[in-house]
Amino acid sequence: MRKLAWLLLLLPSILMSLSASYTLCDLIASMEINNTDLRKADQAIVQSELDVKDAKAAYHPAIDLTLTGMYMPNPLIDDIVVNTNDILTQLGRPPLMQGYDIKLYDGMESTYYNASISITQPLITWGKITNSVKLYETVSDAMRIQRSDKEKQLIAELKARLAALYY
(Lines give C-alpha, C1' and ligand atoms only; values in the text may rest on other atoms or scores of the structure.)
Protein backbone atom coordinates (compact mmCIF):
# COMPACT_ATOMS: atom_id res chain seq x y z
CA MET A 1 0.00 0.00 0.00
CA ARG A 2 2.85 2.35 0.81
CA LYS A 3 4.55 1.75 -2.52
CA LEU A 4 1.35 2.61 -4.33
CA ALA A 5 1.02 5.86 -2.36
CA TRP A 6 4.61 6.82 -3.18
CA LEU A 7 4.06 6.00 -6.83
CA LEU A 8 0.93 8.18 -6.93
CA LEU A 9 2.85 11.03 -5.32
CA LEU A 10 5.84 10.76 -7.66
CA LEU A 11 3.89 10.07 -10.86
CA PRO A 12 3.05 13.73 -11.70
CA SER A 13 6.65 14.86 -11.21
CA ILE A 14 7.96 11.99 -13.35
CA LEU A 15 5.52 12.77 -16.14
CA MET A 16 6.39 16.47 -16.04
CA SER A 17 10.11 15.75 -16.14
CA LEU A 18 9.70 13.52 -19.20
CA SER A 19 7.72 16.11 -21.11
CA ALA A 20 9.93 19.12 -20.24
CA SER A 21 13.17 19.73 -22.08
CA TYR A 22 15.70 22.16 -20.71
CA THR A 23 18.42 23.99 -22.59
CA LEU A 24 21.78 24.87 -21.12
CA CYS A 25 20.69 28.51 -20.75
CA ASP A 26 17.60 27.42 -18.79
CA LEU A 27 19.70 25.30 -16.46
CA ILE A 28 22.25 28.08 -15.92
CA ALA A 29 19.48 30.59 -15.18
CA SER A 30 17.90 28.16 -12.73
CA MET A 31 21.27 27.58 -11.10
CA GLU A 32 21.87 31.32 -10.68
CA ILE A 33 18.49 31.78 -9.02
CA ASN A 34 18.47 28.71 -6.77
CA ASN A 35 22.11 28.18 -5.76
CA THR A 36 22.72 29.08 -2.12
CA ASP A 37 26.43 29.72 -2.59
CA LEU A 38 25.71 32.33 -5.27
CA ARG A 39 23.04 33.91 -3.07
CA LYS A 40 25.52 34.12 -0.18
CA ALA A 41 28.07 35.68 -2.54
CA ASP A 42 25.46 38.24 -3.66
CA GLN A 43 24.74 39.12 -0.03
CA ALA A 44 28.47 39.47 0.64
CA ILE A 45 28.73 41.86 -2.34
CA VAL A 46 25.83 43.93 -1.03
CA GLN A 47 27.44 44.05 2.44
CA SER A 48 30.80 45.09 0.96
CA GLU A 49 29.11 47.89 -1.01
CA LEU A 50 27.48 49.10 2.19
CA ASP A 51 30.89 49.03 3.88
CA VAL A 52 32.28 51.20 1.06
CA LYS A 53 29.44 53.70 1.53
CA ASP A 54 30.03 53.69 5.27
CA ALA A 55 33.74 54.38 4.75
CA LYS A 56 32.93 57.23 2.35
CA ALA A 57 30.54 58.68 4.93
CA ALA A 58 33.54 59.41 7.16
CA TYR A 59 34.38 62.31 4.81
CA HIS A 60 31.25 64.13 5.98
CA PRO A 61 30.53 65.52 9.44
CA ALA A 62 28.74 63.41 12.02
CA ILE A 63 25.69 65.16 13.43
CA ASP A 64 24.25 64.00 16.76
CA LEU A 65 20.92 65.36 17.97
CA THR A 66 19.58 64.69 21.45
CA LEU A 67 16.09 65.67 22.56
CA THR A 68 14.85 64.95 26.07
CA GLY A 69 11.77 65.88 28.00
CA MET A 70 10.69 65.44 31.60
CA TYR A 71 7.38 65.96 33.34
CA MET A 72 6.90 66.03 37.12
CA PRO A 73 3.31 65.96 38.36
CA ASN A 74 4.38 67.32 41.78
CA PRO A 75 7.43 69.61 41.51
CA LEU A 76 9.80 69.50 44.46
CA ILE A 77 10.05 73.25 45.16
CA ASP A 78 7.10 75.63 45.42
CA ASP A 79 7.22 79.43 45.38
CA ILE A 80 9.81 81.02 47.67
CA VAL A 81 8.31 84.08 49.36
CA VAL A 82 9.97 86.32 51.98
CA ASN A 83 8.15 88.86 54.11
CA THR A 84 9.78 92.30 54.51
CA ASN A 85 9.33 92.15 58.27
CA ASP A 86 11.50 89.02 58.37
CA ILE A 87 14.26 90.88 56.54
CA LEU A 88 14.00 93.93 58.79
CA THR A 89 14.17 91.88 61.99
CA GLN A 90 17.29 90.13 60.72
CA LEU A 91 18.89 93.53 60.13
CA GLY A 92 17.99 94.67 63.65
CA ARG A 93 15.29 97.15 62.65
CA PRO A 94 11.74 97.26 63.90
CA PRO A 95 9.12 95.55 61.75
CA LEU A 96 6.57 97.52 59.77
CA MET A 97 2.90 97.61 60.67
CA GLN A 98 2.04 95.78 57.51
CA GLY A 99 4.77 93.67 55.90
CA TYR A 100 4.96 92.97 52.21
CA ASP A 101 5.63 89.61 50.63
CA ILE A 102 8.47 89.50 48.11
CA LYS A 103 8.53 86.55 45.71
CA LEU A 104 12.13 85.40 45.24
CA TYR A 105 11.50 82.27 43.18
CA ASP A 106 8.46 81.27 41.15
CA GLY A 107 8.86 77.57 41.92
CA MET A 108 9.83 74.66 39.72
CA GLU A 109 8.14 74.07 36.43
CA SER A 110 6.52 70.70 35.99
CA THR A 111 7.81 70.26 32.43
CA TYR A 112 11.44 70.48 31.34
CA TYR A 113 12.88 70.17 27.85
CA ASN A 114 16.47 69.76 26.77
CA ALA A 115 17.90 69.78 23.27
CA SER A 116 21.50 69.45 22.19
CA ILE A 117 23.23 69.08 18.86
CA SER A 118 26.86 68.25 18.18
CA ILE A 119 28.68 68.31 14.86
CA THR A 120 31.97 66.44 14.52
CA GLN A 121 34.08 66.95 11.40
CA PRO A 122 37.49 65.29 11.03
CA LEU A 123 39.96 67.91 9.84
CA ILE A 124 43.30 66.12 9.69
CA THR A 125 43.22 62.34 9.32
CA TRP A 126 46.62 61.76 7.69
CA GLY A 127 44.99 59.71 4.95
CA LYS A 128 43.21 57.23 7.22
CA ILE A 129 39.79 57.90 5.67
CA THR A 130 41.11 57.72 2.12
CA ASN A 131 42.99 54.50 2.84
CA SER A 132 39.94 52.91 4.46
CA VAL A 133 37.82 53.79 1.40
CA LYS A 134 40.43 52.23 -0.89
CA LEU A 135 40.60 49.16 1.35
CA TYR A 136 36.83 48.62 1.34
CA GLU A 137 36.67 49.17 -2.44
CA THR A 138 39.36 46.51 -2.86
CA VAL A 139 37.41 44.12 -0.63
CA SER A 140 34.27 44.82 -2.67
CA ASP A 141 36.12 44.08 -5.91
CA ALA A 142 37.46 40.85 -4.38
CA MET A 143 33.90 39.81 -3.43
CA ARG A 144 32.75 40.42 -7.02
CA ILE A 145 35.65 38.36 -8.38
CA GLN A 146 34.92 35.58 -5.89
CA ARG A 147 31.27 35.48 -6.98
CA SER A 148 32.25 35.42 -10.66
CA ASP A 149 34.73 32.63 -9.97
CA LYS A 150 32.10 30.59 -8.10
CA GLU A 151 29.60 31.10 -10.94
CA LYS A 152 32.13 29.93 -13.54
CA GLN A 153 32.98 26.91 -11.39
CA LEU A 154 29.30 25.96 -11.08
CA ILE A 155 28.72 26.39 -14.83
CA ALA A 156 31.70 24.11 -15.57
CA GLU A 157 30.35 21.54 -13.09
CA LEU A 158 26.91 21.74 -14.71
CA LYS A 159 28.38 21.20 -18.19
CA ALA A 160 30.39 18.24 -16.92
CA ARG A 161 27.31 16.64 -15.39
CA LEU A 162 25.30 17.21 -18.59
CA ALA A 163 28.08 15.59 -20.62
CA ALA A 164 28.13 12.66 -18.18
CA LEU A 165 24.38 12.25 -18.52
CA TYR A 166 24.58 12.43 -22.30
CA TYR A 167 27.36 9.90 -22.71
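Engineer: How should the packing of helix α2 (residues 24–34) against helix α5 (residues 128–166) be read in this particular structure?
Structural biologist: Axis separation between α2 and α5 bottoms out at 11 Å; the angle between their running directions is 135°. Classed by the angle they form, the pair α2 and α5 counts as oblique. In the packing of α2 onto α5, the handedness of the crossing is right-handed. Seen from α2, the contacting residues are L24, L27, I28, M31 and E32; seen from α5, they are E151, L154, I155, L158, K159 and L162. Residues belonging to the contact of α2 with α5 are distributed by class as follows: eight nonpolar, no polar and three charged.

Engineer: Hey, could you run me through the pattern of salt bridges in this one?
Structural biologist: Where charged atoms from two side chains of opposite charge approach closely, those side chains can pair. Applying the stated criterion to the full structure yields eight salt bridges. For R147, the salt bridge identified is with D42, shortest N-O distance 2.5 Å. On the criterion of sequence distance, the pair formed by R147 in helix α5 and D42 in helix α3 (residues 36–56) is long-range, its members being 105 residues apart. Taking relative accessible area as the criterion, D42 reaches 30% and is therefore assigned partly exposed. In this structure, the salt-bridge partner of K56 is E137, at a minimum N-O distance of 3.6 Å. Note that K56 is positioned in helix α3 and E137 in helix α5, a separation of 81 residues in sequence. K56 sits in the partly exposed class, given a relative accessible area of 39%. Look at E137 and you get partly exposed, because its relative accessible area is 32%. The structure contains a network of salt bridges with shared partners spanning D42, R147 and E151.

Cut-offs applied
- Residues numbered from 1 in each chain as written.
- Predicted model: local features only at pLDDT ≥ 70, side-chain atom pairs only at ≥ 80, totals over all residues.
- Heavy atoms only, no water.
- Axes fitted to C-alpha atoms, helices over the stretch in contact; angles between N-to-C directions.
- Helix = DSSP H or I, 4+ residues; strand = E, 2+ residues; numbered from the N terminus.
- Parallel < 35°, antiparallel > 145°, perpendicular 65-115°, else oblique.
- Left-handed = near helix turned anticlockwise from the far one by under 90°.
- Contact = heavy atoms within 4.5 Å.
- Nonpolar A, V, L, I, M, F, W, Y, C, P; charged D, E, K, R; others polar.
- Salt bridge = Lys/Arg side-chain N within 4 Å of Asp/Glu carboxyl O.
- Buried < 20%, exposed > 50% of the residue type's maximum accessible area, 1.4 Å probe, protein only.

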